[in-house]
Amino acid sequence: MTRRFAYPFIPEISRELGVTLGQVQTAVAAQAGAGIVTPLFGPLMEQYGRKRTMLAGLMLVLSACLVGIFIPKSFPIFVIVIVALGFSKWLFDPAMQAYISDRVPYTQRGFAIGATELSWALSLFIAAPLTGYLLSRAGLRPVYVMLFMFNGFGFVLIWRFLQQDSSDR
């Protein structure tokens with residue numbers, strides 16, 4: 001949800017922020033480019049554990065959304081928020097997939113990873129219409145609030161229900 005919410009709404013976001021379409025597209029491209037640092041996060045996951053790395057990724061989302069909530073109409077802040085959301089995905093996803101791979105038998109692993117991929121894809125069915133509605137009615141602030149709430153709920157679920165892995169201290 002946090003990675004893809006902006007794509008269909010680039011024109012609305014550019015109007016909201018008072019910048020060109022190209023500037024918003026560049027910010028969205030920078031978010032995608034954040035994926036280049038994914039290999040750097042592997043050692044973090046091994047050192048601090050999968051669960052803690054997932055929680056760190058979600059903390060980055062929550063922090064970025066808070067910044068956006070308090071300063072919603074600033075293009076530089078939008079760039080910071082959108083890039084941080086990209087980094088959070090690249091931090092969260094490998095840890096989540098490793099966590100699943102540690103616990104699911106090999107013969108069922110493809111199904112388990114596929115279910116997680118389907119879940120984020122389906123989340124766009126919720127996020128896209130809601131984002132469009134919120135942007136058209138009230139701007140970026142409620143979008144950041146929505147993302148904060150959904151990801152905060154995910155943070156609580158992971159913190160509360162996922163078991164620590166052997167490398168978690």
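Just above sits the structure.
For the structure given in this document, a descriptive report is provided here. Here, residues in each chain are numbered from 1, in the same order as that chain's written sequence. Only residues with pLDDT of at least 70 get local features here, since the model is predicted, and only at 80 or more are side-chain atom pairs given and counted; chain-wide, interface and lining totals rely on the full set of residues. Each side-chain value is worked out from all heavy atoms of the structure, with water and hydrogens disregarded.

**A short note on the overall build of the protein chain**
1) Next: Only DSSP runs of H or I with at least four residues qualify as helices, and only runs of E with at least two residues qualify as strands; both kinds are numbered from the N terminus onward. Along the backbone of the protein chain there are 7 helices and 0 strands.
2) Next: In the protein chain, the order of α-helices and β-strands from amino to carboxyl end is α-α-α-α-α-α-α.
3) Next: The atom set for the radius of gyration is the C-alpha atoms, and the globule formula is 2.2 Å times the number of residues raised to the power 0.38. Computed over the C-alpha atoms, the radius of gyration of the protein chain is 17 Å, within 12% of the 15 Å expected from 2.2 N^0.38 for a compact globule of 169 residues.
4) Next: Judged by the C-alpha coordinates and their principal axes, the protein chain covers about 50 × 30 × 25 Å.
5) Next: Residue burial is assigned from relative accessible area. The probe radius is 1.4 Å, only protein chains are included, and a residue is buried under 20% of its type maximum, exposed over 50%, and partly exposed in between. Every one of the 169 residues in the protein chain was classed for burial, and the buried ones make up 47%.
6) Next: Taking as baseline every contact in the protein chain between residues at least 6 positions apart, the subset at least 24 positions apart corresponds to 79%.
7) Next: Looking at the protein chain as shown, the accessible area adds up to about 9000 Å², and 70% of this sits on carbon and sulfur atoms. Only heavy atoms matter for contacts: two residues are in contact if any of them lie within 4.5 Å across the pair. Each accessible area is a Shrake-Rupley estimate made with a 1.4 Å probe; only the visible protein chains count as cover when residues are assessed.

**Examining the packing of aromatic side chains**
1) Next: Between 30 and 60 degrees the pair is tilted, below 30 it is stacked and above 60 it is edge-to-face, where a pair is any two Phe, Tyr or Trp rings, Trp via its six-membered ring, whose centres lie within 6.5 Å. The full count for this structure, using the stated rule, is 1 aromatic pair.
2) Next: When the ring of phenylalanine 75 is compared with that of phenylalanine 78, the centres are 6.4 Å apart and the planes differ by 25°; the resulting orientation is stacked. On the criterion of helical spacing, the pair formed by phenylalanine 75 and phenylalanine 78 is a turn pair, its members being 3 residues apart in helix H5 (residues 75-103).
3) Next: What makes phenylalanine 75 buried here is its relative accessible area of 18%.
4) Next: Remark: a charge is flagged as sitting over a ring if the NZ atom of Lys or the CZ atom of Arg is within 6 Å of the ring centre and within 35 degrees of the ring normal. It is arginine 103 that lies over the ring of tyrosine 99; its NZ or CZ is 3.8 Å from the centre.
5) Next: If you follow arginine 160 out to its NZ or CZ, it ends over the ring of phenylalanine 161, 5.4 Å from the centre.

**A look at helix H1 (residues 10-17)**
1) Next: Where H1 is concerned, the buried positions are Ile10, Ile13, Ser14, Glu16 and Leu17. Projected down its long axis, H1 carries its buried residues within an arc of 160°, all on one side.
2) Next: Summarising the contacts, the buried residues of H1 are in contact with helix H2 (21-33), H5, helix H6 (106-138) and helix H7 (140-161).
3) Next: At the exit of H1 stands glycine 18, carrying a positive phi of roughly 70°. The directions from the helix axis to the C-beta atoms are what the arc is built from.

**A short note on the side chain of asparagine 151**
1) Next: Considering the arrangement of structural elements, one finds asparagine 151 in helix H7.
2) Next: The exposure class of asparagine 151 is buried, given its relative accessible area of 13%.
3) Next: When near neighbours in sequence (up to four residues on either side) are disregarded, asparagine 151 contacts Thr2, Leu58, Val61 and Leu62.

**Some thoughts on the packing of helix H3 (residues 38-48) against helix H4 (residues 50-70)**
1) Next: Contact pair H3 / H4: the axes reach a minimum separation of 6 Å and the direction vectors enclose 125°. The pairing of H3 with H4 is recorded here as oblique in orientation. Residues Leu44, Met45, Glu46 and Tyr48 of H3 form the contact with H4, whose own contacting residues are Arg50, Arg52 and Thr53.
2) Next: Classifying every residue of the contact of H3 with H4 by side-chain character gives 3 nonpolar, 1 polar and 3 charged. For every element, the axis is a line fit to its C-alpha atoms; helices are fit only across the contacting stretch, and the angle between N-to-C directions ranges from 0 to 180 degrees. Here roughly perpendicular refers to angles of 65 to 115 degrees, roughly parallel to angles under 35, roughly antiparallel to angles over 145, and oblique to all remaining angles. Lys, Arg, Asp and Glu make up the charged group, whereas Ala, Val, Leu, Ile, Met, Phe, Trp, Tyr, Cys and Pro make up the nonpolar group; the residues left over, Gly among them, are polar.

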